[in-house]
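# Tertiary structure, described
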Amino acid sequence: MSKINKLISANCGVIRPDSVEDYVKAGGYEGLKKAFTMKPEEIIGEVKKAKLLGRGGAAYPAGSKWEQLLEIPEFPKYIVINADEGEPGTFKDKILLSQDPLRVIEGMTIAGYVFNSHDGYIYIRGEYRAIQKVFRSAIDNAVKAGYLGQNILGTGFAFHIHIMTGAGAYVCGENSALLNSIEGKAGRPRIKPPHLAEVGLFLMPTLVNNVESIANIPTIVLEGGEKYLSYGTKDSGGTKLVCLSGNVVNRGVYEIPFGVSLRDIIYDPELGGGIPNGKKLKFFHLGGQSGPIGSQAQLDTLYCYKALRNAGLSVGSGAVVVMDEDVCVIDYLKGVTEFFIHESCGKCTPCREGNKQIYAILCKLSEGQATQDDMAVLRRLIDTMTNASFCGLGQSATVALNTCWKLFKAEFEDHLNQKCPAQVCFTEQGRGE
Ligand SMILES: Cc1cc2nc3c(=O)[nH]c(=O)nc-3n(C[C@H](O)[C@H](O)[C@H](O)COP(=O)(O)O)c2cc1C
Ligand code: SF4
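A short tour of the structure in this document, coming up. A quick note: this is a predicted structure, and the numbers were derived from the prediction, not measured.

## What to know about the overall build of the protein chain
Each helix and strand in the protein chain was counted, giving 19 helices and nine strands. Oriented by its inertia axes, the alpha-carbon framework of the protein chain measures out at about 75 × 50 × 35 Å. Taking all 433 residues of the protein chain together, 55% fall into the buried category. Within the protein chain, contacts between residues at least 6 apart in sequence are counted, and of these 71% link residues at least 24 apart. Per element, the accessible surface of the protein chain, about 17,500 Å² overall, is 52% carbon and sulfur. Of the side-chain charges in the protein chain, 46 are positive and 47 negative, and the distance between the mean point of each set is 1 Å.

## Here's the deal with the site of ligand 2
Around ligand 2 lies a shell of 13 residues, among which Cys345, Lys347, Cys348, Cys351 and Cys391 are the nearest. Tallied by class, residues from the shell around ligand 2 come to eight nonpolar, four polar and one charged.

## Quick notes on the packing of helix α14 (residues 329-343) against helix α15 (residues 349-366)
Contact pair α14 / α15: the axes reach a minimum separation of 9 Å and the direction vectors enclose 155°. By the angle between their axes, α14 is roughly antiparallel relative to α15. Considering the relative orientation of α14 and α15, their crossing is left-handed. Here Ile330, Leu333, Lys334, Thr337, Glu338, Phe340 and Ile341 of α14 come into contact with α15, specifically with Asn355, Lys356, Ile358, Tyr359, Leu362, Cys363, Leu365 and Ser366.

## Overview of the sheet that holds strand β1 (residues 78-83)
Read across the sheet, four strands follow the order β3-β2-β1-β4 without closing on themselves; strand pairing throughout is parallel. The sheet is open, and its two borders are formed by β3 (160-165) and β4 (206-210), each paired with just one other strand. Neighbour-to-neighbour, the strand axes of this sheet turn through a mean angle of 20°, independent of strand direction. Sheet analysis places β1 next to strand β2 (residues 119-124), joined by six bridges and oriented parallel. When the bridges of β2 are listed, tyrosine 78 appears paired with aspartate 119.

## A short note on the packing of aromatic side chains
When we look at a pair of aromatic rings, we describe it by the centre distance and by the angle of the planes. Tallied over the entire structure, the rule returns 18 aromatic pairs. An angle of 70° between the planes, with centres 4.9 Å apart, marks the rings of phenylalanine 283 and tyrosine 332 as edge-to-face. Within this pair, whereas phenylalanine 283 is found in strand β7 (residues 281-286), its partner tyrosine 332 is found in helix α14, the two being separated by 49 residues in sequence. Tyrosine 332 matches phenylalanine 283 in its accessibility class, with the two residues each being buried. Plain terms: the ring middles of tryptophan 405 and phenylalanine 412 are 5.4 Å apart, the flat faces sit at 50° to each other, and that makes the pair tilted. Judged on exposure class, the residue tryptophan 405 and its partner phenylalanine 412 are both buried. Members of the aromatic cluster, each reached through a chain of ring pairs, are Phe36, Tyr113, Phe157 and Phe159. Lying across the ring of tyrosine 128, arginine 125 places its NZ or CZ 5.4 Å from the centre. Here the basic side chain of lysine 347 rests over the ring of phenylalanine 390, its NZ or CZ set 4.5 Å away from the ring centre.

## Focus on the nonpolar core
Counting 59 residues, the largest nonpolar core has Ile43, Trp66, Leu97, Val104, Ile105, Ile122 and Phe135 as the members making the most contacts within it. Ranked by residue count, the leading element in this core is helix α6 (residues 101-114), at eight residues. Excluding its chain neighbours within four sequence positions, the residues that come into contact with tryptophan 66 are Ile43, Ile44, Ala111, Val114, Phe115, Leu207, Asn209, Ile214 and Ile217. Of all hydrophobic cores here, the second largest spans 40 residues; its members include Val321, Leu381, Leu401 and Ala422.

## A few points about the environment of valine 260
Examined against the element boundaries, valine 260 turns out to sit in the loop between β6 (252-257) and α12 (262-267). When sequence neighbours within four positions are dropped, the list of residues in contact with valine 260 reads Lys3, Ile265, Leu271, Thr301, Leu302 and Tyr303.

## Quick look at the site of ligand 1
Taken together, 19 residues form the shell around ligand 1, and within it Gly56, Lys65, Asn209, Asn210 and Ser213 come nearest. Here an oxygen atom of ligand 1 sits 3.3 Å away from a polar atom, N or O, in the main chain of arginine 55. Here asparagine 175 contributes a backbone N or O atom positioned 2.9 Å from an oxygen atom of ligand 1. Relative to its unbound accessible area of 610 Å², ligand 1 is 89% covered by the protein chains. Going through the elements one at a time, β4 and α17 (392-396) are the ones with two or more residues in the shell around ligand 1. Counting residues per element, the shell around ligand 1 draws most heavily on β4, at three residues. Each residue belonging to the shell around ligand 1 can be placed in one class, and the counts come to four nonpolar, 10 polar and five charged.

Cut-offs and rules
- Residues numbered from 1 in each chain as written.
- Chains lettered and ligands numbered in written order.
- Predicted model: local features only at pLDDT ≥ 70, side-chain atom pairs only at ≥ 80, totals over all residues.
- Heavy atoms only, no water.
- Helix = DSSP H or I, 4+ residues; strand = E, 2+ residues; numbered from the N terminus.
- Buried < 20%, exposed > 50% of the residue type's maximum accessible area, 1.4 Å probe, protein only.
- Contact = heavy atoms within 4.5 Å.
- Areas by Shrake-Rupley, 256 points an atom, 1.4 Å probe, with all protein chains shown as cover.
- Lys, Arg positive; Asp, Glu negative; His and termini not counted.
- Charge placed at Lys NZ, Arg CZ, Asp CG, Glu CD.
- Near = heavy atom within 4 Å.
- Nonpolar A, V, L, I, M, F, W, Y, C, P; charged D, E, K, R; others polar.
- Axes fitted to C-alpha atoms, helices over the stretch in contact; angles between N-to-C directions.
- Parallel < 35°, antiparallel > 145°, perpendicular 65-115°, else oblique.
- Left-handed = near helix turned anticlockwise from the far one by under 90°.
- Pairing = 2+ DSSP bridges.
- Phe/Tyr/Trp six-rings, centres within 6.5 Å; stacked < 30°, edge-to-face > 60°.
- Lys NZ or Arg CZ within 6 Å of the ring centre and 35° of its normal.
- Core = buried A, V, L, I, M, F, W, Y, C linked by side-chain atoms within 4.5 Å.
- Polar contact = N/O pair within 3.5 Å; in protein donor to acceptor, adjacent residues only side chain to side chain.

Next comes the structure, spelled out in structure tokens:
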């Protein structure tokens, strides 16, 4: 049986991305037409039955988020789609935005109808400049064809989509920082509560969803929540776009039903196809730099929210970065920490200073100068940053380090004794000579 199920990526690479004609021929806009015959509560009921969990990384149940926003009596309400996609190793929203933008637009329009919202914003990362052009063209064509803008499909409902551009800061993917950035303020996270459903964009009630989350909405409305749920597992509805990269034969984006094993994702010829050059797997990094690291022993874990959580892993953004036996854990973690030093917005001390201190200790480890006292400081830094950082960036910056600490304790000890099993540190190359 195929391990791929193209529910939301079926049009990718098949139709002209900005052509309404192609999209409609492929079954597009049937979800919106059906949505117009339903009450907002009914649509939300289907999203709840579908057990769609947010695909942006936090896995918040979309149905509950929608229900909370529906109950708020203030207007205007705004629909905001997070297309910042700044998590390293994550490149799945890019595929939807560039190859099937009308699916994202249809999902946004359904959300607009549910919340009687007339304005939607999509925050597309600055690096996706060419994709923004395609998306703009898809919006214009949808307006011309009567699927967007004033009086959509003669229903009297109006919905407009505005494209906003990020400027390359990872923290702007955090939902409240993203809203600040759209408002023209510095892209720094807000204190919560109040939650964005109550006080969001321009201080009004706001829905923030990821691109992949919203791209699922037309399918859920059209096929019904139960059917959608049945494509995945009992607790994780539908499919997930996974991004395979690193030391794996077939890098790319694959839409898999929840419930496929990690082993299949990495080794199945239809998916990852294994590790190149006959090398052994050392570890895999799930959900981006802010996600956990897993080892060979966890390969039979099923890829779904519950099983991964039980194994100390997580889906996160859908990134699966594969590393072979030649990779040094300490060296890898140095790269992860450099990323967080670069991306910390500097607002709070645990994240701004903590990442730098962690990096300094990792450097000492890779140079054979670290001591057991440094390990105790490292432990305290992990705990302090996790508990005291202001936003998700600092809170999750140590997840990779923490999971490696547990899985590769011996490799930390080896480095304290000036040994690097992967022979990356303590060599001329490792010293940059
Ligand atoms: C530092 C940081 C970066 C984030 N980057 C993204 C991102 O690029 N795209 C995204 O959809 N969510 C990102 N998130 C998660 C968002 O805050 C939010 O949970 C998400 O957009 C909600 O959509 P969903 O419920 O559909 O997943 C990020 C969170 C943090 C803390
Ligand atoms: S944890 Fe603090 S310093 Fe780090 S990105 Fe968030 S607000 Fe900024």
